[in-house]
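Chains, contacts and geometry: an overview
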Amino acid sequence: MIEQMREQEFDEVFHLMQSSFPYDECRSYEEEKELLRREEFCIYVCRGEDEIKAFITVWAFDDFVYVDHFAVNPKYRNEGLGTSMLDEIQKKYQRPLCLEVEPPEGALAERRIGFYERNGFCFNEYPYMQPPIAKNRQPIPLFVMSSGKPLDRRTFEKVRDTLYQKVYGV
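Okay, so let's go over this structure. (Residues numbered from 1 in each chain as written. Predicted model: local features only at pLDDT ≥ 70, side-chain atom pairs only at ≥ 80, totals over all residues. Heavy atoms only, no water.)

1. Some points on helix H5 (residues 153–167)
For H5, built from 15 residues, the straight-helix expectation of 21 Å at 1.5 Å per residue is met to within 8% by its first-to-last C-alpha distance of 20 Å. All of the buried residues along H5 are Phe 156, Val 159, Thr 162, Leu 163, Tyr 164 and Val 167. Buried residues in H5 make contact with strand S3 (52–60), strand S4 (65–72), strand S5 (97–101), strand S7 (128–130) and strand S8 (140–147). Two residues or fewer past H5, Gly 169 is found with a positive phi of approximately 65 degrees. (Helix = DSSP H or I, 4+ residues; strand = E, 2+ residues; numbered from the N terminus. Expected span 1.5 Å × (residues − 1). Buried < 20%, exposed > 50% of the residue type's maximum accessible area, 1.4 Å probe, protein only. Contact = heavy atoms within 4.5 Å.)

2. Overview of the environment of Pro 141
Tracing the chain through its elements places Pro 141 in strand S8. Each C-alpha atom of the pair Pro 141 and Glu 100 lies 9.7 Å from the other, and the pair is 41 residues apart in sequence. Here Pro 141 is in contact with Pro 103, Tyr 128 and Met 129, once residues within four sequence places are set aside.

3. Observations regarding helix H3 (residues 81–93)
An ideal rise of 1.5 Å per residue puts 18 Å on 13 residues; H3 measures up with 19 Å between its terminal C-alpha atoms. Every buried residue of H3 is accounted for by Leu 81, Gly 82, Met 85, Leu 86, Ile 89 and Tyr 93. Seen from one end, H3 has its buried residues packed into an arc of 135 degrees, which puts them on one side. (Arc of directions from axis to C-beta.)

4. Some points on the nonpolar core
Counting 34 residues, the largest nonpolar core has Ile 43, Phe 55, Tyr 66, Tyr 128, Leu 163 and Tyr 168 as the members making the most contacts within it. Contributing elements (two or more residues each) for this core: helix H1 (10–20), strand S2 (41–47), S3, S4, S8 and H5. With residues near it in sequence (within four places) discarded, Tyr 168 still touches Tyr 66, Glu 100, Tyr 128, Gln 130, Pro 131, Pro 132, Ile 133 and Leu 163. Ranked by size, the runner-up nonpolar core spans 26 residues in total, among them Cys 42, Met 85, Ile 113 and Tyr 116. (Core = buried A, V, L, I, M, F, W, Y, C linked by side-chain atoms within 4.5 Å.)

5. Some details on the pairing of S2
Most of S2 sits inside the fold, with seven of its seven residues counted as buried. Along S2, one buried face is formed by Phe 41, Ile 43, Val 45 and Arg 47 and the opposite face, lined by Cys 42, Tyr 44 and Cys 46, is buried too. Here strand S1 (residues 2–4) pairs with S2 via three bridges, running antiparallel. Opposite Glu 3, over in S2, you have Val 45 as the bridge partner. The antiparallel hairpin formed by S2 and S3 contains four residues in its connecting segment. (Pairing = 2+ DSSP bridges.)

Don't take any of this as a statement about function, it's just geometry.
Listed below in structure tokens is the structure:
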């Protein structure tokens, strides 16, 4: 179902990313495209007949896989596609997945957190500030969710430090 993105699909994926995430949660076109050169970074897509149905960007580290961006085209939501994609990523990498979510304030944030919880993720209560993802972006207060089990404080700090250094460059 999911396959590695072809370079010619990048523009379509980037458009879906921009329409799915707030400005401060997206890199610029050039910054996102530059990530394709990074060995630990990959974009997977679920293709329809004539368009991308969904995409997921991941950073594969030794101890965990970080899900950076994950979006389903609105036309294909509520069909189980997101769950299938998460399952495939989990099987492919065979290590815990981590991702960032907004604080559970408001219906949309609570719905998103609930989706991940139904898919085996745990909400970790540790304070976490996402550094600016790119130039001219703001830091964002978020939380880290982890697949399988909650993170203990030491593991959370290791995940946070890895993200800060390798994803955000701080």
